[in-house]
Amino acid sequence: MPPLPLRSITILVAVCFVTAIGCERTQERPTVRTVDDLLAGARYIDEGDSLPRIEYADGSVTLNDRCMVRQAKLNLKLSPVFVNGLPIGFC
């Protein structure tokens, strides 16, 4: 198996760091009852950026700006995985 590119390692280390230290929320987010509700309000933060982050209906923003697997733009239709209450997006 070939070694991971430096960019992938950097992203993985950043995700692990945020996961390890946790994150305190000071702003209360709106209640979202289903995954469909969460994805219905999903939007790109900066449309002009080639790799924008996603903001979901509950106000949470993805930690990553690109897919960890393909290094491509995040997909609005795929459900994120929440780690310590913070979303990780996929392509």
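Note that the structure is predicted; figures quoted are calculated from it, not measured.

1. Considerations on the overall build of the chain
Here is step 1 of the chain: Scanning the chain from N- to C-terminus turns up two helices and four strands.
Here is step 2 of the chain: Across the chain, helices and strands are ordered from the amino to the carboxyl terminus as α-α-β-β-β-β.
Here is step 3 of the chain: When burial is assessed residue by residue, the chain has 26% of its 91 residues classed as buried.
Here is step 4 of the chain: In the chain, the share of contacts with a sequence separation of at least 24, taken over all contacts with a separation of at least 6, comes to 42%.
Here is step 5 of the chain: On the chain, roughly 6,200 Å² of surface is accessible, and the fraction owed to carbon and sulfur atoms is 57%.

2. Section: the side chain of Arg66
Here is step 1 of the chain: Turning to its location among the elements, Arg66 is positioned in the loop between strand S2 (54-55) and strand S3 (81-83).
Here is step 2 of the chain: On the accessibility criterion, Arg66 (15% relative accessible area) is buried.

3. Section: the pattern of salt bridges
Here is step 1 of the chain: Tallied over the full model, the rule gives two salt bridges.
Here is step 2 of the chain: With its nearest N and O atoms 2.6 Å apart, the salt bridge here joins Glu55 to Arg43. Taken together, the residues span a long stretch of sequence, with Glu55 in strand S2 and Arg43 in strand S1 (residues 43-44) at a distance of twelve residues.
Here is step 3 of the chain: The salt bridge involving Asp65 is made with Arg66; its shortest N-O contact spans 3.1 Å.

4. Quick look at the state of the cysteines
Here is step 1 of the chain: As enumerated under the stated definition, the model contains one disulfide in all.
Here is step 2 of the chain: For Cys67, the disulfide goes to Cys91, at an S-S distance of 2.3 Å. Between Cys67 and Cys91, the S-S dihedral sits near -45°, and the bridge is therefore left-handed. Residue Cys67 is found in the loop between S2 and S3, and its partner Cys91 is found in the segment after strand S4 (86-88); the two are separated by 24 residues along the sequence.
Here is step 3 of the chain: Here Cys67 falls in the buried class, since its relative accessible area comes to 2%.

5. A short note on the nonpolar core
Here is step 1 of the chain: Core analysis: the largest hydrophobic core is formed by seven residues, namely Leu38, Leu39, Ala42, Tyr44, Ile54, Tyr56 and Leu74.
Here is step 2 of the chain: Those residues in contact with Tyr44 that lie beyond four places of it in its chain are Pro52, Arg53, Ile54, Lys73, Leu74, Asn75 and Leu76.

6. Here we look at the confidence of the model for the chain
Where the model shows low pLDDT, its predicted coordinates should not be examined in detail.
Here is step 1 of the chain: Averaged over all residues, the pLDDT of the chain is 79; the fraction at 70 or higher stands at 65%.
Here is step 2 of the chain: Within the chain, S2 carries the highest mean pLDDT (93), whereas helix H1 (residues 6-21) carries the lowest (62).

7. Thoughts on the packing of aromatic side chains
Here is step 1 of the chain: Applying the stated criterion across every chain, the model contains zero aromatic pairs.
Here is step 2 of the chain: Sitting over the ring of Tyr44, Lys73 keeps its end group 4.4 Å from the ring centre.

Rules used throughout
Residues numbered from 1 in each chain as written. Predicted model: local features only at pLDDT ≥ 70, side-chain atom pairs only at ≥ 80, totals over all residues. Heavy atoms only, no water. Helix = DSSP H or I, 4+ residues; strand = E, 2+ residues; numbered from the N terminus. Buried < 20%, exposed > 50% of the residue type's maximum accessible area, 1.4 Å probe, protein only. Contact = heavy atoms within 4.5 Å. Areas by Shrake-Rupley, 256 points an atom, 1.4 Å probe, with all protein chains shown as cover. Salt bridge = Lys/Arg side-chain N within 4 Å of Asp/Glu carboxyl O. Disulfide = S-S within 2.5 Å. Core = buried A, V, L, I, M, F, W, Y, C linked by side-chain atoms within 4.5 Å. pLDDT = per-residue confidence, 0-100. Phe/Tyr/Trp six-rings, centres within 6.5 Å; stacked < 30°, edge-to-face > 60°. Lys NZ or Arg CZ within 6 Å of the ring centre and 35° of its normal.

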